[in-house]
Amino acid sequence: MTETLILRELLAAEPGWVSGGAIAAKLGVSRVSVWHHMERLRAQGFAFEALPARGYRLSRRPRMLHAGLVEALLRVRRKGFAFDILDEVDSTNDEAARQLAAGRPAPFAVFAHRQTRGRGRFGRAWHSEANGNLYSSFAFRPRIAPERMQTFTLWMGVTICELVSKFVPAPPGIKWPNDIVFDGRKAGGMLTEARVDADEIRDLVFGLGLNVNSPPNGWPPDLGRRAVSLSELAGSPVDVNRLTAALIGRVLLAYERFAEGEHVDPFVDLWNRYDVLRGRDVTLAVGGRRRRGRVLGVDDVGSLLLRAENGQTRGYRAGEVTVEKGG
Ligand code: BTN
């Protein structure tokens, strides 16, 4: 906690300096205690410049997720929200679901440096090495009707596009219903899981895997050129701690807007801004069947609108889309 407060003072002063005395006075602790905490931060990957006349300045931050730094970087600290950063877990979605089931007050979030059983849609494995990528799950208890959930992941998807667009120069896109893509390559995936009880969503977990800093040659051969990381797009490492702090702010706000029904008006316009499928010829695999057609966009709850060759248009709530060659 004290370390978070020290980091906050140093970050607020950036690129300037802040004296040990000023930090000590602000925190109500001794200068020796400040020095002691800074030694501990050094051991965690931080470095400080020190000048007798001016004080301290942050000169290096850890490249991996650091709880105190994320906390210090949060613009708005929301009462009642907490998060954990685990070194390793089977799946952050599973861990969040277990904690919800055990009664942990929501909202909260679970992050991990690495997952041993990271999951994607349809039970597929999600490559989850400790390589500077983000594995995150946000837990909520929304108590809303299950039929309202259809738009949730899509609404979160536009939120994530808005977030990542602040970190890379390339324009992000969203491939219905849950892929964050750049020029056809996948940079992130979302997995929303809910527990329904007495006709209400009782537990809700929003999982996001984002390829942040994995090196271009670091993918297993089957992912190869289909995946891309934000650092590859940016041409330099992306500050995963700053990204995470911004993610927390945006996800909590987007959730609140969703819970209040405030997403309804802006949803379709925002979706159209990032939709990469509109106008494309696709095959949709749904319930063991395949439907071919041209994507017209989404309706106001997020169903995929597909116009078949016979000219009929239908909305689909779920399924997996493959873009036709040349489509
Ligand atoms: C997909 O594209 O199919 C969704 C991928 C979701 C991956 C994330 S990583 C964090 C969270 N924990 C998991 O096990 N899965 C999600």
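Residues numbered from 1 in each chain as written. Predicted model: local features only at pLDDT ≥ 70, side-chain atom pairs only at ≥ 80, totals over all residues. Heavy atoms only, no water.

Let's talk about the packing of aromatic side chains
Okay, step 1: On inspection of all chains with the given rule, the structure shows seven aromatic pairs.
Okay, step 2: Plain terms: the ring middles of F140 and Y255 are 3.8 Å apart, the flat faces sit at 10 degrees to each other, and that makes the pair stacked. Residue F140 is located in strand 5 (residues 134–140), and its partner Y255 is located in helix 8 (residues 240–259); the two are separated by 115 residues in the primary sequence. Residues F140 and Y255 agree in their burial class; the two are buried.
Okay, step 3: Taken together, a centroid distance of 6.0 Å and an interplanar angle of 85 degrees make the contact between F152 and F206 edge-to-face. Of the two residues, F152 sits in helix 6 (residues 152–164) while F206 sits in strand 9 (residues 200–210), which places them 54 residues apart along the sequence. (Phe/Tyr/Trp six-rings, centres within 6.5 Å; stacked < 30°, edge-to-face > 60°. Helix = DSSP H or I, 4+ residues; strand = E, 2+ residues; numbered from the N terminus. Buried < 20%, exposed > 50% of the residue type's maximum accessible area, 1.4 Å probe, protein only.)

A few points about the domain arrangement of the protein chain
Okay, step 1: The domain architecture assigned to the protein chain consists of domain 1 (2–60), domain 2 (67–274) and domain 3 (281–323).
Okay, step 2: With centres defined by C-alpha atoms, the gap from domain 1 to domain 2 works out at 32 Å.
Okay, step 3: Across the contact, five residues belong to domain 1 and six residues belong to domain 2.
Okay, step 4: Of the roughly 500 Å² buried between domain 1 and domain 2, counting both surfaces, carbon and sulfur atoms make up 71%.
Okay, step 5: Considering only the surface of domain 1 that becomes buried against domain 2, T4, R8 and L11 emerge as the three largest contributors, covering 76% of it.
Okay, step 6: Counting every contact that joins domain 1 to domain 2 gives zero salt bridges.
Okay, step 7: Where domain 1 meets domain 2, there are one residue pair in polar contact (both at pLDDT 80 or more). (Domains from an automatic or database assignment. Contact = heavy atoms within 4.5 Å. Buried area = accessible area lost by both parts, 1.4 Å probe. Salt bridge = Lys/Arg side-chain N within 4 Å of Asp/Glu carboxyl O. Polar contact = N/O pair within 3.5 Å; in protein donor to acceptor, adjacent residues only side chain to side chain.)

Looking at the sheet that holds strand 4 (residues 108–115)
Okay, step 1: An order of 3-4-5-9-8-7-6 is seen for the seven strands of this open sheet, with the pairing classed as mixed. Looking along the sheet, the strands with just one partner apiece sit at the ends: strand 3 (82–89) and strand 6 (173–175). Within this sheet the neighbouring strands show an average axis-to-axis angle of 20 degrees, counted without direction.
Okay, step 2: Contacting strand 3, strand 4, strand 5, strand 8 (185–197) and strand 9, helix 5 (residues 92–101) runs over the sheet at an angle of about 145 degrees to strand 4.
Okay, step 3: Sheet strands touched by helix 8: strand 3, strand 4, strand 5 and strand 9. Its angle to strand 5, the strand with the most contacts, is close to 25 degrees. (Pairing = 2+ DSSP bridges. Axes fitted to C-alpha atoms, helices over the stretch in contact; angles between N-to-C directions.)

What about the layout of surface pockets?
Okay, step 1: There is about 1100 Å³ of room inside the largest pocket.
Okay, step 2: Along the wall of the largest pocket there are 45 residues; nearest its centre are R124, W126, D179, K186 and R226.
Okay, step 3: At the level of elements, helix 5, strand 5, strand 7 (179–182), strand 8, strand 9 and strand 14 (320–323) are the ones that each hand at least two residues to the lining of the largest pocket.
Okay, step 4: Of the residues belonging to the lining of the largest pocket, the class tally is 17 nonpolar, 17 polar and eleven charged. (1 Å grid on protein atoms, 1.4 Å probe; cavity = no way out; pocket = protein on both sides within 12 Å on 5 of 7 lines; lining within 4 Å. Points joined across faces, edges and corners; volume = space filled by probe spheres on them. Nonpolar A, V, L, I, M, F, W, Y, C, P; charged D, E, K, R; others polar.)

Description of helix 6
Okay, step 1: In this model, helix 6 (13 residues) spans 18 Å end to end at C-alpha, consistent with the 18 Å of a helix rising 1.5 Å per residue.
Okay, step 2: Of all the 13 residues making up helix 6, twelve are buried; the element is thus mostly covered by neighbouring parts of the structure.
Okay, step 3: All buried positions along helix 6 are accounted for by F152, T153, L154, W155, M156, G157, V158, T159, I160, C161, L163 and V164. (Expected span 1.5 Å × (residues − 1).)

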